[in-house]
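# A closer look at the structure
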Amino acid sequence: MKRLVWNALDEAGREVALARPVQTHAVGLREVVRRIIAEVRRHGDEALLRFTASYDRCVLERLEVQPEEFDEAEAALDPALKAAIREAAGRIEAFHRAAAPVSVAVDTAPGVRVERVLRPIDRVGLYVPAGSAPLPSTALMLGVPARIAGCAEVVLCSPARVDGRCDPAVLYAARVVGVHRVFKLGGAQAIAAMAYGTASVPRCDKLFGPGNAWVTEAKVQVSIDPRGAAIDMPAGPSEVLVVADAQADAAFVAADLLSQAEHGPDSQVLLVSPSDALLDAVADEVERQCAALPRAGIAHGALAHSRLIRVDSLAQALEVSNRYAPEHLILQVAEPRAWLARVTSAGSVFLGAWTPESVGDYASGSNHVLPTYGYARSHSGVSVASFQKQISVQELTPEGLRAIGPCTATLAAAEQLEAHRRAVTLRLAALDAEVSPA
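Residues numbered from 1 in each chain as written. Predicted model: local features only at pLDDT ≥ 70, side-chain atom pairs only at ≥ 80, totals over all residues. Heavy atoms only, no water.

### Thoughts on the environment of Arg422
Within the secondary structure, Arg422 sits in helix H17 (residues 418-435). Overall, the relative accessible area of 49% leaves Arg422 in the partly exposed class. Counting along the chain gives twelve residues from Arg422 to Thr410, while the straight-line C-alpha distance between them is 11 Å. (Helix = DSSP H or I, 4+ residues; strand = E, 2+ residues; numbered from the N terminus. Buried < 20%, exposed > 50% of the residue type's maximum accessible area, 1.4 Å probe, protein only.)

What follows is the structure in C-alpha cells.
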C-alpha cells in the first residue's frame, strides 16, 4: 500500500490520492459496454447465450433456472450454511421492516388533506455477482426488501459457473426470500436483458445490485435511456476507509482492510490515521495476513492502488473520509460514537473495534448494497423505500379551497401562468355564487 502524508500534498496530489482505480479506463469501458447493450437489444437471447459462452465459458440451452435446479441446490448445501442464510434473512427482515417508510396524512389547513401513499414497483431486477466469489448474501440484501415492499415480480440474474449452473447458495437464498425467476446471466449483458427485455428475460422497471466496473457502467447507461430502466445507484467495486487512532488494534485494522481487498483487484482500501506507529504496524500486519489468504493474489491487486494516509488529527481524518465518501467507513477510535456526527458522506458506518465490516455484509441486518465511487455524497444504500414509489395525494373541501385558493392564485399570477390561476379562481367564484343571496 502506498503511504502518503496528507498535509504534504497539494490539491492535485490529494485528488490523485483519493482517485478510484477504475476511472483510468472509463472511456474504453463505456464503449465496450455500449456495444454489449446494443447487441442484446438487437439480438436478444441469441446475444445473451453468445456472451455467456464467451465471458462465463459455458454453453447454455436455456437461460432460466428450472425448479429442479433449485431443489438440487438446496439438497447439495451444507445444513449449517442453509441455517446461516435463514438466520441472516431474519435479521435483515427485522431491520428493514422497522425502517420501512409509512404512509402519511396531514391536514395542512382546515379542509386540506395531503397524503403520501406507498406503492411497490411492479417488476424489479436484482443482480447478484458470482465471478471470483458468489454472493448469496446479496440475494438476501435485495430480495428481503423487495418482498417487504410487495413487488409483484422479482427477477434475479447471476452468472453461471462453467458447469452451466448457478451457485447453489445463491439459488437457495433466492428461494428463501421469495424471488420469482432466476436467470443464468452476468455482466453488462444481464443488465441489458433486465432493462430492455428479451424473449426469455422480462423487462424490469428498476434494477438493483452491486457489480464490477462493467456492471456499474451498464447500469448507468440504461438508467439515462428513457427506454431503459431506473437503477438503485451506481454500485461498483467494493471499498473501505478506516479511520484509526494510535490505540487501534493493528491486526483488526489490517483484517478489515483485507476483507474488502479480497473482493477483487479493482477494489480499494484506505487507512487514514494521525499515528505513524499505527500506520507502520498495519502495513506489516497487512503483509503478514495477506500471505495466508486463499485470495492473496486478488487482494494484492487491490492493495496496489490502496493507500495509507497520515493526517494531523482525527478531525482531519474525518474531513478526508467525507471527501472520499466511502462505501464502508470504519471508525476504530476511542469513543467512536462521539465522531459519528462528523460523518456526512458514507454508505455504511461501523463503530468501534468490535464491529467488523463483515457483519454488515452478512448478518447485522443492515444492507450491504451501498454507493461506491464517491456516490455516497448523494446516494443512500438499498432499503425498502428503494423498491417503492411514494405518491402524493391531496383532497380539498370547499372550505379548504377557500382557505388556500387565494394563496395559490397569487403565486400562479406571479409566475404568469394564467390557466393555473383561473383553475382556482373559477372554483372560488362558483363557491361565492352558491352562498350569494338570490
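### Structural notes on the sheet that holds strand E11 (residues 307-310)
The sheet built from six strands is open, its strands ordered E1-E11-E10-E9-E12-E13 with parallel pairing. The open sheet has two free edges, formed respectively by strand E1 (2-5) and strand E13 (348-351), since each of these has just one partner strand. The mean angle between the axes of side-by-side strands here comes to 15 degrees, regardless of whether they run parallel or antiparallel. With four bridges connecting them, strand E12 (residues 328-332) and E13 associate as parallel partners. Its bridge partner lying in E13, Ile330 is registered against Phe350. (Pairing = 2+ DSSP bridges. Axes fitted to C-alpha atoms, helices over the stretch in contact; angles between N-to-C directions.)

### Details of the packing of helix H16 (residues 398-414) against H17
Two numbers describe how H16 lies on H17: the axes approach to 9 Å, and their chain directions differ by 145 degrees. Once H16 is placed against H17, the crossing between them reads as left-handed. In this structure, H16 uses Pro398, Leu401, Arg402, Gly405, Pro406, Thr408, Ala409, Ala412 and Ala413 to contact H17, whose residues at the interface are His420, Arg421, Val424, Thr425, Arg427, Leu428, Leu431 and Val435. Its residues placed into classes, the contact of H16 with H17 shows ten nonpolar, four polar and three charged. (Left-handed = near helix turned anticlockwise from the far one by under 90°. Contact = heavy atoms within 4.5 Å. Nonpolar A, V, L, I, M, F, W, Y, C, P; charged D, E, K, R; others polar.)

### Some remarks on the pattern of salt bridges
All chains considered together, the criterion is met by 32 salt bridges. As a salt-bridge pair, Glu418 and Arg422 come within 2.9 Å of each other at their nearest N and O atoms. Pair noted here: Glu418 and Arg422 are both in helix H17, with a separation of four residues, about one helical turn. According to the relative accessible area criterion, Glu418 is partly exposed, its value standing at 35%. (Salt bridge = Lys/Arg side-chain N within 4 Å of Asp/Glu carboxyl O.)

### A look at the sheet that holds strand E8 (residues 230-231)
Two orientations exist for strands paired in a sheet by backbone hydrogen bonds: parallel and antiparallel. Ordered by their spatial adjacency, five strands build an open sheet running E6-E5-E4-E7-E8, and the pairing between neighbours is parallel. Lying at the two open borders of the sheet, with one neighbouring strand each, are strand E6 (181-184) and E8. The sheet contact formed by strand E4 (residues 123-127) and strand E7 (residues 206-208) spans three bridges and is parallel. Looking at E7, one finds that Val124 is bridged to Lys206.

### Considerations on helix H6 (residues 136-149)
The terminal C-alpha atoms of H6, which comprises 14 residues, lie 20 Å apart, in line with the 20 Å expected from a rise of 1.5 Å per residue. Here H6 lies mainly inside the structure; 13 of its 14 residues are buried. Following H6 by one or two positions, Gly150 adopts a phi angle in the positive range, close to 90 degrees. (Expected span 1.5 Å × (residues − 1).)

### Some details on the pairing of strand E10 (residues 268-273)
Regular strands have side chains that alternate between both faces of the sheet. Across the six residues that make up E10, a large majority, six, are buried. Residue alternation in E10 divides its side chains into two sets, Gln268, Leu270 and Val272 and Val269, Leu271 and Ser273, and both sets are buried. Pairing analysis gives five bridges linking strand E9 (residues 239-244) to E10, with the strands arranged parallel. Bridge pairing in E10 places Val242 opposite Leu271. Where E10 and E11 come together, four bridges link them in parallel fashion. Across the sheet, Val272 pairs through a bridge with Ile309, a residue of E11.

So far we have only geometry, and geometry alone does not tell us how the molecule works.
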